[in-house]
Amino acid sequence: MSLYPEARFVTSAARAAQFLPDEGAEVAFAGRSNAGKSSAINTILNRRDFARTSKTPGRTQLINFFALAEGQRLVDLPGYGYARVSKEMREGWRELLGDYFDSRQSLAGLMVVVDSRRGVLEFDLQMLDWGRALDCQLHVLLTKADKLSRQEAAAALSAAQRELQDLRVSVQLFSVTSKVGLDQARAALAAMLGGNWGHA
Ligand SMILES: Nc1nc2c(ncn2[C@@H]2O[C@H](COP(=O)(O)OP(=O)(O)OP(=O)(O)O)[C@@H](O)[C@H]2O)c(=O)[nH]1
Ligand SMILES: [Mg+2]
């Protein structure tokens, strides 16, 4: 059963004029290309092929808006850091993301999706900075934890926690295949949308 039975895709935005009205509460998923954003969204919502997933990095190049319930939205942001795209395209993404974070008062929470094998990188910190400027709740999903041994996963978690400890960011392990951390991620999303972060 989905926690959001009414969830539906609404629109893709290539520029700021196409964003949905800035009202209600929104949670955005950001992360490096191929980190597992779309997979995480599908699994958290329990909807197969809801946000598209791809073996080809950089496939989600637009800002995708989903309605979850009345006044509650989820946003799949375009992945960053994919090397094999043109400079113009990279600048276009940066501008689109910049416009989004400059304007989005309804952004209640930001989920930064990080490949647990790579750890937190510079662009992830940039996203967290942008989210902090909007005073939204910040949560990091260390994805693909199934690809690490138990020991490696624990080490990846404590490394990320150490790195983010001064930044008011919560961090967890996550996997769409083993379902590690799924309940925790769902609780984080619900708390962000419901405005009761810290009580999840
Ligand atoms: N083993 C494993 N594979 C995963 C997991 N999450 C995602 N993947 C795989 O990683 C690849 C990329 O996943 P996506 O969800 O498309 O990544 P994305 O961050 O949305 O990528 P872009 O839209 O290109 O930015 C796909 O082949 C997924 O099947 C996970 O938890 N475990
Ligand atoms: Mg995607």
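Refer to the preceding data block for the structure.
This one's a predicted model, so the numbers in the text were calculated from it and none came from an experiment.

Procedures and definitions
Residues numbered from 1 in each chain as written. Chains lettered and ligands numbered in written order. Predicted model: local features only at pLDDT ≥ 70, side-chain atom pairs only at ≥ 80, totals over all residues. Core = buried A, V, L, I, M, F, W, Y, C linked by C-beta atoms within 7 Å. Buried ≥ 20, exposed ≤ 12 C-beta atoms within 10 Å, placed from the backbone. Helix = DSSP H or I, 4+ residues; strand = E, 2+ residues; numbered from the N terminus. Contact = placed C-beta atoms within 7 Å. Pairing = 2+ DSSP bridges. Axes fitted to C-alpha atoms, helices over the stretch in contact; angles between N-to-C directions. Right-handed = clockwise from strand over helix to strand, strands pointing away.

Attention now goes to the nonpolar core. Counting 54 residues, the largest nonpolar core has Phe29, Leu110, Val112, Val113, Leu141 and Leu142 as the members making the most contacts within it. If you tally residues by element for this core, the top one is strand E5 (residues 107–115), at seven residues. Dropping the residues within four chain positions of it, Phe29 is found in contact with Lys37, Ala40, Ile41, Val75, Asp76, Leu77, Met111 and Val113.

Strands pair in a sheet through their backbones, by hydrogen bonds, and they do so in one of two ways: parallel or antiparallel. The strand order across the open sheet formed by seven strands is E1-E3-E4-E2-E5-E6-E7, and the pairing between neighbours is mixed. This sheet does not close on itself; its edge strands, each paired only once, are strand E1 (8–13) and strand E7 (170–173). Shown here is a sheet whose adjacent strand axes are inclined to one another by a mean of 20 degrees, direction ignored. Relative to E5, strand E2 (residues 25–31) runs parallel, the two being bridged by six bridges.

Residues Val171 and Leu173 line the buried face of E7, whereas the alternating positions Ser170 and Gln172 sit on a face that is not buried. A crossover links strand E6 (residues 137–143) with its parallel partner E7, the connecting element being helix H4 (residues 150–164), and its sense is right-handed.

Further remarks concern the environment of Lys179. Along the polypeptide, Lys179 turns up in the loop between E7 and helix H5 (182–194). Residue class for Lys179 comes out exposed when judged on the 12 C-beta atoms lying within 10 Å of it. The sequence separation of Lys179 and Leu74 amounts to 105 residues, and the corresponding C-alpha distance is 20 Å.

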